There are 2 protein chains.
Amino acid sequence: MIGIFDSGIGGLTTVRAIIETMPGYDLIYFGDTARTPYGTKSRKTVIRYAIENTEFLIKKGAKIIVMACNTASSVATEAIKERYDLPIFEVISPAVDLAIASSRGMQIGVIGTRATIKSGIYEKKILEKNGAAKVFSTPCPLLVPLVEEGWVTKPETAMIVKKYLHPLKTRQIDTLILGCTHYPILKAVIQRKIGRQVTIIDSSVAVSKTIKTYLGEHPEIEAVLSKNSRMDFFVSDITTQFEKTAESALKRKIALSHVEI
Amino acid sequence: MIGIFDSGIGGLTTVRAIIETMPGYDLIYFGDTARTPYGTKSRKTVIRYAIENTEFLIKKGAKIIVMACNTASSVATEAIKERYDLPIFEVISPAVDLAIASSRGMQIGVIGTRATIKSGIYEKKILEKNGAAKVFSTPCPLLVPLVEEGWVTKPETAMIVKKYLHPLKTRQIDTLILGCTHYPILKAVIQRKIGRQVTIIDSSVAVSKTIKTYLGEHPEIEAVLSKNSRMDFFVSDITTQFEKTAESALKRKIALSHVEI
């Protein structure tokens, strides 16, 4: 199975992208809803959580791991890759590759949680690929709670998005990376506030393309993945909010199991 | 020592109120910053966290426990009182008593997290004390992240407060209970939006008065509490945000220790 974890519900945008890009594969999802959010927490704590989540998915039969959470991808990738001997996918590099491929002027903006932006990982990876790029990044900590409350089309959300994007707009970026799995849900208002001329990069779409390519190049790994279109969802806390958001994100009824981590 | 726990930083308003009401007592504070917030999580998970936090404070020498968190007070008081044989203070009853004492028309509003409002605890306790009271309550889930981001005087916060308070304003409440430890930090904007004629009840002030009265009536408990003006702060995750907010809330430098729960 393909194991996917996230700090909570945001990673469901990655599940949706994987289903669309490569339908049929069995998925197991773990959302750490009892400890969500990760983006305001320290590096050390996020690494500990990422290890526990990976451990759980492997025990449940995952043969590859997708860290759908940008915060976990930013701070815990190295720790996870060192510790486990199976293919580990994070959401940063695929988004960086896609951004560089689509940017015309190499003026790239990045938005994410406080922890993701503080890690400097996007800037580092972009400059490794293209030393001439200019990277401007800014944390948008209120967007996660706004999405989780379903305040997607409210005027207050538009005002807050405008305020957050202002420093990037003045830098005249041509490409904007949505460095948090929650942000694609706000894509319409983000596009409106940053301007039509800016290309928006959604990391959930980027990582699903990377996985597809990887499996094409590694038939021995592809062969061990089961393909019965099965999806198992585990969360560390069951709230009505999760079910509602999950079903609206995936456009189907889902079966949810509780597990204590 | 007096042990106090909260889901994160909000309980520091209670620490401040206790220091002001009854200076000199040694305090030990635990903020569960690695799992914050509680207000969006399920009853079952919050009860588990409250038990673990109480356990930690008792091991560290707490002789009385203050649940500074409204969400934990709402859903976990019974479980904690059943399990531990020492004085347990929650923040709901003191606020209810104060609200009933100060309300002229018994039109009482309550705001809190989703979990607190869903529990119906304020309504239940108010009606137990005064069956003729009318209670109107509404969840304000975005106020906690707004406070934690320090967006106290921003226009977006004022708009969101106004939107949340609208249903209470149309009911013409005369008293408003701030049913979350974060909300006193927004007291000015809340007062402006609900109207000058409404009395605002701050549960942190209410609980500190209750503790003072209790200790006056129970000299055998009072005698075991040490009084060296000592304060120990423990958190499950150390973030720069916590230190900043703690020092501005308490107006002094604090020593912070990390503990894994």
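Residues numbered from 1 in each chain as written. Chains lettered and ligands numbered in written order. Predicted model: local features only at pLDDT ≥ 70, side-chain atom pairs only at ≥ 80, totals over all residues.

S.K.: Give a detailed account of the overall build of chain A, specifying residues and quantitative values.
M.R.: Helix and strand counts for chain A stand at 12 helices and 10 strands. Here the C-alpha radius of gyration of chain A, 17 Å, is about what a compact globule of 261 residues would show, namely 18 Å. Within chain A, the proportion of its 261 residues that are buried is 51%. Put simply, of all contacts in chain A between residues at least 6 apart along the chain, 77% involve residues at least 24 apart. (Helix = DSSP H or I, 4+ residues; strand = E, 2+ residues; numbered from the N terminus. Rg over C-alpha atoms; globule rule 2.2 N^0.38 Å. Buried ≥ 20, exposed ≤ 12 C-beta atoms within 10 Å, placed from the backbone. Contact = placed C-beta atoms within 7 Å.)

S.K.: Kindly report on the packing of helix α4 (residues 92-102) of chain B against helix α6 (residues 121-129) of chain B, identifying the contributing residues and their values.
M.R.: All names here are of chain B. Where α4 contacts α6, the two axes come as close as 10 Å, and the packing angle between them is 50°. With respect to α6, the axis of α4 lies oblique. Where α4 crosses over α6, the two elements pack in a sense that is right-handed. Together, Ile 92, Ser 93, Val 96 and Ile 100 of α4 and Ile 121, Tyr 122, Lys 125, Ile 126 and Lys 129 of α6 make up the contact between the two elements. (Axes fitted to C-alpha atoms, helices over the stretch in contact; angles between N-to-C directions. Parallel < 35°, antiparallel > 145°, perpendicular 65-115°, else oblique. Left-handed = near helix turned anticlockwise from the far one by under 90°.)

S.K.: Would you mind going over the nonpolar core in detail, with residue names and values included?
M.R.: By size, the foremost hydrophobic cluster in this structure holds 77 residues, and its most contacted members are Ile 2, Val 66, Met 67, Ala 95, Leu 176 and Ile 177 of chain B. Here this core takes 5 residues from α4 of chain B, the largest share from any one element. For this core, the domains that each give at least three residues are domain 1 (2-90 + 205-258) and domain 2 (92-203) of chain B. Not counting the four nearest positions on each side in its chain, Leu 176 of chain B is found in contact with Gly 109, Ile 111, Leu 168, Ile 194, Val 198, Ile 200 and Ile 201 of chain B. Counting 76 residues, the second-largest nonpolar core is a separate cluster that includes Ile 2, Cys 69, Ala 76 and Val 110 of chain A. (Core = buried A, V, L, I, M, F, W, Y, C linked by C-beta atoms within 7 Å. Domains from an automatic or database assignment.)

S.K.: Give me the pairing of strand β2 (residues 27-31) of chain A: which residues, what numbers.
M.R.: In regular strands, side chains alternate between the two faces of the sheet. Residue and element names in this part refer to chain A. With respect to burial, β2 is a largely interior element, 4 of its 5 residues being buried. Two elements, strand β1 (residues 2-6) and β2, share 5 bridges in a ladder whose sense is parallel. Pairing of Gly 3 across the sheet is with Ile 28, part of β2. At this point the chain moves from β1, through helix α1 (residues 12-21), to the parallel β2, and the crossover so formed is right-handed. Bridging between β2 and strand β9 (residues 231-235) involves 5 bridges; their strand directions are parallel. For Ile 28, the partnering residue across the bridge sits in β9 and is Asp 232. (Pairing = 2+ DSSP bridges. Right-handed = clockwise from strand over helix to strand, strands pointing away.)

S.K.: Break down helix α2 (residues 43-59) of chain B for me, with residues and values.
M.R.: Taking 1.5 Å as the rise per residue, α2 of chain B with 17 residues should run 24 Å; its terminal C-alpha atoms sit 24 Å apart, in good agreement. Contact partners of the buried residues in α2 of chain B: β1 (2-6), β2 (27-31), β3 (64-67), α3 (70-83) and α5 (114-119) of chain B. (Expected span 1.5 Å × (residues − 1).)

S.K.: Give a description of the sheet that holds strand β7 (residues 175-179) of chain B that names residues and reports values.
M.R.: Residues and elements named next belong to chain B. Pairing is parallel in the open sheet, where 4 strands are placed in the order β6-β5-β7-β8. The two strands at the open ends of the sheet, each matched to only one other strand, are β6 (134-139) and β8 (199-202). For this sheet, the mean inter-axis angle between neighbouring strands, taken without regard to orientation, is 20°. As judged from the 6 bridges shared by strand β5 (residues 107-112) and β6, these two strands associate in the parallel manner.

S.K.: Give a detailed account of the sheet that holds strand β6 (residues 134-139) of chain A, specifying residues and quantitative values.
M.R.: All names here are of chain A. Taken in spatial order, the 4 strands make up an open sheet running β6-β5-β7-β8, and their pairing is parallel. On the outer flanks of this sheet lie β6 and β8 (199-202), each paired with one strand and no other. Taking the axes of each pair of neighbouring strands and ignoring which way they run, one obtains an average angle of 20° across the sheet. Packing of helix α6 (residues 121-129) onto the sheet brings it into contact with β5 (107-112), β6 and β7 (175-179), and relative to β6 it is tilted by some 165°.

S.K.: Talk me through the interface of chain A and chain B; I want residue IDs and the actual numbers.
M.R.: Each side of the interface is counted separately: chain A has 17 residues, and chain B has 17 residues. No other element matches helix α8 (residues 155-170) of chain A, which puts 3 residues into the side of chain A that touches chain B. Within the side of chain A that touches chain B, the residues separate by chemical class into 7 nonpolar, 5 polar and 5 charged. (Nonpolar A, V, L, I, M, F, W, Y, C, P; charged D, E, K, R; others polar.)

S.K.: Please provide a residue-by-residue account of the environment of Thr 199 of chain A, values included.
M.R.: All names here are of chain A. Along the chain, Thr 199 falls in strand β8. C-alpha separation for the pair Thr 199 and Gly 179, spaced 20 residues apart in sequence, amounts to 14 Å. For Thr 199, the contacting residues outside a window of four places in its chain are Ser 102, Asp 174 and Thr 175.

S.K.: Could you give an account of the domain arrangement of chain A, with specific residues and numbers?
M.R.: Residue and element names in this part refer to chain A. With domains assigned, chain A is organised as domain 1 (2-90 + 205-258) and domain 2 (92-203). A separation of 22 Å is found between the C-alpha centroids of domain 1 and domain 2. Taken together, the contact between domain 1 and domain 2 spans 26 residues of the former and 24 residues of the latter. For the side of domain 1 that touches domain 2, the per-class residue count stands at 10 nonpolar, 12 polar and 4 charged.

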